[in-house]
Amino acid sequence: MLRARRERVAQNGDNGQLERAVHKQEQTVIIGAGLIGLATAHALLERGERVRVLETLMQVGGGTSYANGGLLTPSMAEPWNAPGAWRHFAASMTDAAAPMKLRGLALPGLVRWGFRFLCHSTPARYRSATQASFRLARESVRLTRSWRERLNLSYDGRASGCLSLFRTGSSMHEQLATSRQLQALGLRFTRLDSAGVVAIEPMLADIARDIDGAIYFPDDEIGDAHALCHALGRSIISRGGQISTNVHASRISLREGRVWGVETDGEHLPAARVIVAAGVGSVQLLQDAGVRISVAPAKGYSLTVDFGGHSALPALPVSDRIRHVVATPLGQRMRIAGTAEFAGWDLSMRPERISPLAAAFRELYPRLARKVDPAQGLAWAGLRPVSADGLPFIGPTRVEGLYVNAGHGALGFTLAAGSAVLLADLLKGAPTALNPAPYSALR
Ligand SMILES: Cc1cc2nc3c(=O)[nH]c(=O)nc-3n(C[C@H](O)[C@H](O)[C@H](O)COP(=O)(O)OP(=O)(O)OC[C@H]3O[C@@H](n4cnc5c(N)ncnc54)[C@H](O)[C@@H]3O)c2cc1C
């Protein structure tokens, strides 16, 4: 049909019309092959769209989705800008070990974002963002589970539940209050004392005396994000989607105010629609196309300790509220992740930020730490794309044909499937399962 149209138009000598006709038949190009870009590609393929994913790295899932905490936790849906959070940031400037740290050198680049971050930390805005984040997270975990089962995705993913652990010196007051608020929206949880914790996770028996209590969230899940990226990548290719690694999208090209394609290092790729899902790289790509999103990079670290099948590992992931880290079993490995450092785009690994992860693991599982020293684990750092109001940007932009799916902060694994389906439905003009307004890219 396209060839016939091409010939007809060519006979009439109308090149503009020809270009528009060819363009119409073109595919959707997605920039970024992390959790968000790949989930988006999958959701669009399921809706009959032709997709091509561009990734600057040599492999998929090599950015922030590489070695994250491995948790899918609607239970932790709250954004970082809780009322009064600014006090922690201010204090962190002189405390090298603060779990959330603001570095002076990063300040000039954070003025605009920081102002918005503070504006959104009023109790009312924080509560409404927490609820919107929870709604998307809950739907997203449901979708992830259904993709895992239907597509047989292998990524050490399972419905494990999660323990939020309060050791002596930490208070569960705040998290209980948030959990009670989200209960009305469907969050399930149980409050446990020390004996209750050991009953569901016997590997914490060694530190029972140090445990004040915990909140158990039965609907949270775990999995290896990098392995999920590869599993999704294989599924995308098997359904006829294209993934081009080692291809850098340098610019989104526009014509007559709408998307025309993507400039890569040496090529122009025509595209009817472009979706920017490039994690922290999204800000610049969009800005060059005249679209602003308020997202800043927040560095986090993880340590992955491989027990090689020689030890029984905990069944449950634990979020330790004293050290602000998570410890997640992933097959035969334990992943310990956490800390947030606003240090611009710097990805260097600071030993003083990694050693608290090893220390937390020793404190939680002293017996396991004697078998394999956690400090010998594989250290990694990644940049979370943190939006100023704590919610991702999902949907069309002001530029016709240009879409965004970015800014998922500390919850990109949790929110990937839900965000992908929401964007795909918006792009196809289909009814959406959730009200898209709180996540709008036009907000
Ligand atoms: C320490 C740590 C722990 C975390 N733990 C959890 C957790 O337990 N649960 C959870 O839900 N979330 C967690 N997160 C957050 C989660 O990992 C991120 O939100 C998520 O990975 C973001 O995915 P993304 O696809 O947006 O970004 P990325 O994974 O970074 O993917 C974007 C991709 O775009 C590519 N790209 C960028 N620019 C271009 C360009 N111009 N051309 C081509 N390609 C480009 C990049 O190379 C990259 O591969 C954690 C993050 C960190 C750092």
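Refer to the preceding data block for the structure.
A. View of the overall build of the protein chain. Along its length, the protein chain carries 13 helices and 20 strands. The C-alpha atoms of the protein chain give 23 Å as radius of gyration, which agrees with the globular expectation for 443 residues (22 Å, within 12%). Over its C-alpha atoms, taken along the principal directions, the protein chain stretches across nearly 85 × 45 × 40 Å. Counting the 443 residues in the protein chain, one finds 55% classified as buried.

B. Looking closely at the site of the ligand. Around the ligand there are 35 residues in total, and Glu55, Ser65, Leu71, Gly409 and Thr414 lie nearest to it. A distance of 2.7 Å separates a nitrogen atom of the ligand from a polar backbone atom of Leu71. If you list the elements that add at least two residues to the shell around the ligand, you get α3 (35–46), β14 (295–306), β18 (378–387) and α13 (412–428). Classifying every residue of the shell around the ligand gives 17 nonpolar, 16 polar and two charged.

C. Layout of unusual backbone geometry. Of note in this structure, Asp156 is not a glycine but carries a positive phi near 55 degrees. Summarising the element assignment, Asp156 is placed in the loop between α6 (123–151) and β5 (162–167). Using a relative accessible area of 38% as the deciding quantity, one classes Asp156 as partly exposed. Even without being glycine, Asn246 reaches a positive phi, approximately 60 degrees.

D. Geometry of the nonpolar core. Formed by 49 residues in total, the largest nonpolar core has its most connected members in Ile30, Leu38, Trp147, Leu153 and Tyr439. No other element matches α13, which puts 10 residues into this core. Those residues within four positions of Ile30 in sequence are excluded, and the remaining contacts are Gly37, Thr40, Ala41, Leu44, Val51, Arg52, Val53, Leu54, Ile275 and Ala277. Counting 30 residues, the second largest nonpolar core, distinct from the first, contains Ile207, Phe307, Ala360 and Leu364.

How each quantity is defined
Residues numbered from 1 in each chain as written. Predicted model: local features only at pLDDT ≥ 70, side-chain atom pairs only at ≥ 80, totals over all residues. Heavy atoms only, no water. Helix = DSSP H or I, 4+ residues; strand = E, 2+ residues; numbered from the N terminus. Rg over C-alpha atoms; globule rule 2.2 N^0.38 Å. Buried < 20%, exposed > 50% of the residue type's maximum accessible area, 1.4 Å probe, protein only. Near = heavy atom within 4 Å. Polar contact = N/O pair within 3.5 Å; in protein donor to acceptor, adjacent residues only side chain to side chain. Nonpolar A, V, L, I, M, F, W, Y, C, P; charged D, E, K, R; others polar. Core = buried A, V, L, I, M, F, W, Y, C linked by side-chain atoms within 4.5 Å. Contact = heavy atoms within 4.5 Å.

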